[in-house]
2 protein chains.
Amino acid sequence: MPDYKAPLRDLDFVTNELWNFDEHYQSLNGAEEVDAELRGAILGEAAKFAEQVIAPLRRVGDEEGCTWSEEGVTTPTGFKEAYKQYIEGGWTGLSVPEEFGGQALPASMGFMVSELMGEANHAWTMYPGLSAGCRETLMAHGTADQQQSYLPKLVSGEWSGTMCLTEPQCGSDLSFLRTKAEPDSDGSYSVTGTKIFISSGEHDMTNNILHIVLARVPGAPAGNKGISLFLVPKFIPNEQGEAGERNAVNCGSLEHKMGIHGNATCVMNFDGAKGYLIGKENEGLMCMFTFMNGARLGTAAQGLNHAEVALQGALAYAVEREAGRALTGVKSPDRPADKLIVHPDVRKMILTIRSFSEGHRAFLYLLAQQADKTHLGNEQQKQEAEEMMALLTPIAKGFMTETGLEAANIGVQVYGGHGFIREWGMEQNVRDARISTLYEGTTGIQSLDLLGRKVMKDGGAMFGRFVAKVAADTQTMDLAYAAPLQRKLKEWGELATWIGQKGTSNPDEVGAASVDFLMYSGYMVNAWVWGLMGTLAKAKLEENDDVFYRAKVATADFYFSKIMPRTEAHKVSIEAGAESLLGLSDSDFEALAVL
Amino acid sequence: MPDYKAPLRDLDFVTNELWNFDEHYQSLNGAEEVDAELRGAILGEAAKFAEQVIAPLRRVGDEEGCTWSEEGVTTPTGFKEAYKQYIEGGWTGLSVPEEFGGQALPASMGFMVSELMGEANHAWTMYPGLSAGCRETLMAHGTADQQQSYLPKLVSGEWSGTMCLTEPQCGSDLSFLRTKAEPDSDGSYSVTGTKIFISSGEHDMTNNILHIVLARVPGAPAGNKGISLFLVPKFIPNEQGEAGERNAVNCGSLEHKMGIHGNATCVMNFDGAKGYLIGKENEGLMCMFTFMNGARLGTAAQGLNHAEVALQGALAYAVEREAGRALTGVKSPDRPADKLIVHPDVRKMILTIRSFSEGHRAFLYLLAQQADKTHLGNEQQKQEAEEMMALLTPIAKGFMTETGLEAANIGVQVYGGHGFIREWGMEQNVRDARISTLYEGTTGIQSLDLLGRKVMKDGGAMFGRFVAKVAADTQTMDLAYAAPLQRKLKEWGELATWIGQKGTSNPDEVGAASVDFLMYSGYMVNAWVWGLMGTLAKAKLEENDDVFYRAKVATADFYFSKIMPRTEAHKVSIEAGAESLLGLSDSDFEALAVL
């Protein structure tokens, strides 16, 4: 695999030409100064860090993995040093308000920097990534005292953080949660229980780790309504605010995983560990939701990450490797074979990956603008942005990770047998990508969120407003994209209505249609952004015959010709309804399992 | 993951009820005695071996992998002992003619036994699997002397074999082949070159390894027409026919792979090794084709293998694990959550896997019958069978491995985050499955074989005869399946004709449509077998309300409702033609690769 190269040309296109970030930032309160030059400078530095510091650790991290001992967890060679450079560069505080010691850049700048880091090294990026989750939780729900005690060191990166939700008996469904938190006389709590799948739970990068822990206080209601949120530091801060007494929280073991080996996925044991309540008792899950939406977008970005890595690898190989002859006749008569790229199916594979990676980037950065608006916009901007985020987050998480995984697999396929060999890096990309459709809510869970909580919640009003927005965009779109998109928009609405009606009499109809509807919706959003990008690139080509714009048009054309047809399959599958899923009873399945 | 359980109930259904193997064997010359009782006894023993001996080594093989040293390659703990039991059980000679020391059972019995072995342990099964390739090559193209010297020990399993085709610079396209074979005065050749990706190339299971090697003799024409086939034994047999002098062939290193860690994938160095010509000089590739078709079916079977493993794992988990509540209301009020199986999308995932695993088994065993006919049938049977094999082999290889990989990934998905953890075994299934769409010709290569060499070769006549055969079967099929299948059969023919016509003016149209057409064809074949199975199961249900038959009907209904719609996407994509793949030139792609 070639060395990772930050796709700055496409970031430039998406931010400066497609979504006009200059105008966007000027419309926000406190982001006016973030102009193209400043953005370019930051992204240039981030690219350098990603390319030179952490991309070379991608394979090291995979091969070495993390090592557990009684004393703690050792990260792979170089991880710790890279983290040191990262915090020295001030990256951990990029989008954090100044009051907490950050640089107060808009959230979207954090998205962009994260994209590059996630592409260069998924496993490594999860260390600062989890800290961000902890930090956001404290910023949103911590007391002033808690914020003062913990945020400066978290923002500087001197300390790191985790999110401790899952337990052996419960993953997506937290109602089974058993970890206990018993109040102590000093106002703190004594936290006892076992958490699993804790990313970055224990490591050697920072001298303190702050765990955000879901637990139950005595007498808490059963189920989701009895869950509270606690902060459990590995070392309890002393009076000087430094890491002091060792707390009773330990990493019991590391999980052996398919990928992201460089990240320590820990079993964490809390043995009466001192914890501090965040927010109110029994309102923990609600507090978590703030964080979860951000985490879902972060995971969506991993779909983009793995598609971009696949694109860079597959393209480099296809223009270099020789095999077979073009169907239309010999292209390289002086060589015993032509390049892979002459084969239509190889082109199809590469354009498929490209249509995802660049489509996802455009989609993600639009969401990044919405995130900015929710923080810095006026009331109307805020409301519109929140609505768009609510609707599009499950689509982004589900669709981008599913197609990111597909792209990663295509990356392997382009390499033929070599794709299966570790040294080429393409198989690692698949293994690392595989987690993204699972964690932060599986695709199935996203699809129920989309249909149940978003599309159907208000009788389709919010969904209808989004469809109308896309329809409005088609008015200025090149006809090659506008015409099919308009036809499909109508169909999208009809499918939503159909499911809503069917769901009224039988809720299982919603569950039966949900993943098909999510994927259909993803292809629609991608069509929208490709329609916009293709139209824009066509205009640019009139001034400048740049291969970059020609590739945009070609990929847009390809997307509408070869990828959009997938909506046909999802449509017919949706319309087939739930009946064929309900022919067997639960106990039939049980009987089949032991047949 | 639960222990592997040989799916004997479904094998019974497919062999005794669906394809009527009694009648089939009675129609063949020399297979009359293989009745249901004998088959059952053999499969029972094979199931025992698969379940008890090699399935427990699946994870061991993955975790330990193979170890290289100057002295040779050590296989994982238990692999060698299992192989000893395997040859003591006589399994290596099951389908080999008596004249070569075998048990002369029909080829199809070998397919059935291989299915169970491949499901229990893909990596382990490749050791006897590669020997079979070597054996078939010697049986088809070796001289009487060669057969006498090598076959008895190969058939008994005392010696093993490999196929050495690939070199660093050439995989699918063997025209680049560089390995040299220079004639020596004693009629043997001196073979020099490097081969890569040699499965089972070196190991500690047998005391001799016979390499079938592609190489060029001096003055051989360039390209594919200058390739000859050689037998290069690791130890040259002495006068007593035992392993004698050590030959100059060595394993230089082992590949580090995504999966099938238990199989030694070797770089093999031939340093003037003594080799013996098989067949005629420069006709090596033609000889290889005999073997390749068999190998492709063997790989197709791996699609079935991984789907079956996914099915067993996912189903066991879905009826056990609790998460969330049914959309239609609480199912297990005494528990904090319902079983996963209550969720429609979980059912959809499981039925998707089931529709592939059982569909593939039915398809594969139909091909196994054709393989029998090519060996033991009369002239007409032979001709019909060869035609069907020729058309269906690329579909089986491409479609079954692609959907096998999809099934393996769904297996992970059903487990949520646990699917990513090694101990559950589902992620290993994905890693092991990943090779199947790559080796023995990628899906892209299968698709060009299907369209170029099969469907379009005779103006569609052979393809048309197969479509007519399926159409005839719809006459006695339950209308629920017959009606959609008949409609689609017409469309299938139209698509083939359309591609043929487009391809005449632009051959790239064939390459652009090929993978879509292959997948479309796979879904059609699967629809055909599910139509037959669903119809048969409905009839059985009238006598006997067996959950097995109810599951057959439910899965058939599901397949037609939820999986067949995928043909819509492939159809529209085919009809979009090659244009959108040709918008960029080869040099545009080169420019994009370094942008």
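What comes next concerns the included structure.

Here the focus is the overall build of chain A. Within chain A, the regular secondary structure consists of 19 helices and eleven strands. What you see for chain A is a C-alpha radius of gyration of 24 Å, in line with the 25 Å of a compact globule of 595 residues. Here the C-alpha coordinates of chain A stretch approximately 80 × 60 × 60 Å along the principal axes. Evaluated residue by residue, chain A yields a buried proportion of 60% over its 595 residues.

Below, the discussion takes up the interface of chain A and chain B. Tallying the contact residues gives 87 residues for chain A and 87 residues for chain B. Looking at the side of chain A that touches chain B, the elements with two or more residues in it are helix 9 (284-318), helix 10 (344-376), helix 11 (379-414), helix 13 (443-455), helix 16 (508-543), helix 17 (547-563), helix 18 (566-575) and helix 19 (586-593) of chain A. No other element matches the nine residues that helix 17 of chain A contributes to the side of chain A that touches chain B.

This part is about the packing of helix 7 (residues 122-141) of chain A against helix 9 of chain A. Residue and element names in this part refer to chain A. For the pair helix 7 and helix 9, interaxial distance at closest approach is 9 Å and the crossing angle is 155 degrees. Judged by the inter-axis angle, helix 7 sits roughly antiparallel to helix 9. Of the two possible hands of crossing, helix 7 and helix 9 adopt the one that is right-handed. On helix 9, the residues that touch His-122, Gly-129, Gly-133, Glu-136, Thr-137, Ala-140 and His-141 of helix 7 are Cys-287, Thr-290, Phe-291, Gly-294, Ala-295, Gly-298, Gln-302 and Asn-305. Taken together, the residues of the contact of helix 7 with helix 9 sort by class into four nonpolar, ten polar and one charged.

Right, let's get into the relation of the copies chain A and chain B. Between the two chain copies there is a screw-like relation: a rotation about an axis and a shift along it. Relative to chain B, chain A is turned by 180 degrees and slid 0.0 Å along the rotation axis, the superposed coordinates differing by an RMSD of 0.0 Å. Within this description, the copies of the chain are treated as partners about a two-fold rotation axis. Of all interface residues in chain A, 100% are interface residues in chain B too; the two copies therefore contact each other through one and the same surface.

So, about the environment of B:Ala220. Residues and elements named next belong to chain B. Tracing the backbone shows Ala-220 in the loop between strand 6 (209-215) and strand 7 (228-233). Residue classification places Ala-220 among the partly exposed positions, given that 18 C-beta atoms sit within 10 Å. Along the primary structure Ala-220 and Asn-282 are separated by 62 residues, whereas in three dimensions their C-alpha atoms are 6.8 Å apart. Not counting the four nearest positions on each side in its chain, Ala-220 is found in contact with Gly-226 and Asn-282.

All names here are of chain A. Most of strand 7 (residues 228-233) is tucked away, with six of its six residues classed as buried. Here strand 7 shows a buried face lined by Ser-228, Phe-230 and Val-232 and a second buried face lined by Leu-229, Leu-231 and Pro-233. Note that strand 6 (residues 209-215) and strand 7 share six bridges and pair antiparallel. Bridging across to strand 7, Ala-215 finds its partner in Ser-228. Of the pairings in the sheet, the one linking strand 7 to strand 11 (residues 265-278) comprises three bridges and is antiparallel in character. Pairing of Phe-230 across the sheet is with Leu-277, part of strand 11.

Quick look at unusual backbone geometry now. All names here are of chain A. Located in the positive-phi region is Ala-104, a residue other than glycine, with phi close to 60 degrees. Within the secondary structure, Ala-104 sits in the loop between helix 5 (79-88) and helix 6 (107-120). A residue is classified by how many C-beta atoms lie within 10 Å of it, and Ala-104, with 17 of them, is partly exposed.

With respect to the helices, strands and loops of the structure, B:Cys170 is situated in the loop between strand 3 (160-164) and strand 4 (180-183). Remark: the alpha-carbon pair of B:Cys170 and B:Tyr189, spanning 19 residues in sequence, is separated by 23 Å.

All right, on to the environment of A:Arg422 then. Within the secondary structure layout, A:Arg422 lies in the loop between helix 11 and helix 12 (426-433). Considered as a pair, A:Arg422 and A:Glu579 are 157 residues apart in the sequence and their alpha carbons are 44 Å apart. The residues contacting A:Arg422, other than those within four sequence positions of it, are A:Glu427, A:Gln428, B:His256, B:Lys257 and B:Met258.

Rules used throughout
- Residues numbered from 1 in each chain as written.
- Chains lettered and ligands numbered in written order.
- Predicted model: local features only at pLDDT ≥ 70, side-chain atom pairs only at ≥ 80, totals over all residues.
- Helix = DSSP H or I, 4+ residues; strand = E, 2+ residues; numbered from the N terminus.
- Rg over C-alpha atoms; globule rule 2.2 N^0.38 Å.
- Buried ≥ 20, exposed ≤ 12 C-beta atoms within 10 Å, placed from the backbone.
- Contact = placed C-beta atoms within 7 Å.
- Axes fitted to C-alpha atoms, helices over the stretch in contact; angles between N-to-C directions.
- Parallel < 35°, antiparallel > 145°, perpendicular 65-115°, else oblique.
- Left-handed = near helix turned anticlockwise from the far one by under 90°.
- Nonpolar A, V, L, I, M, F, W, Y, C, P; charged D, E, K, R; others polar.
- Least-squares fit on C-alpha atoms with pLDDT ≥ 70 in both.
- Pairing = 2+ DSSP bridges.

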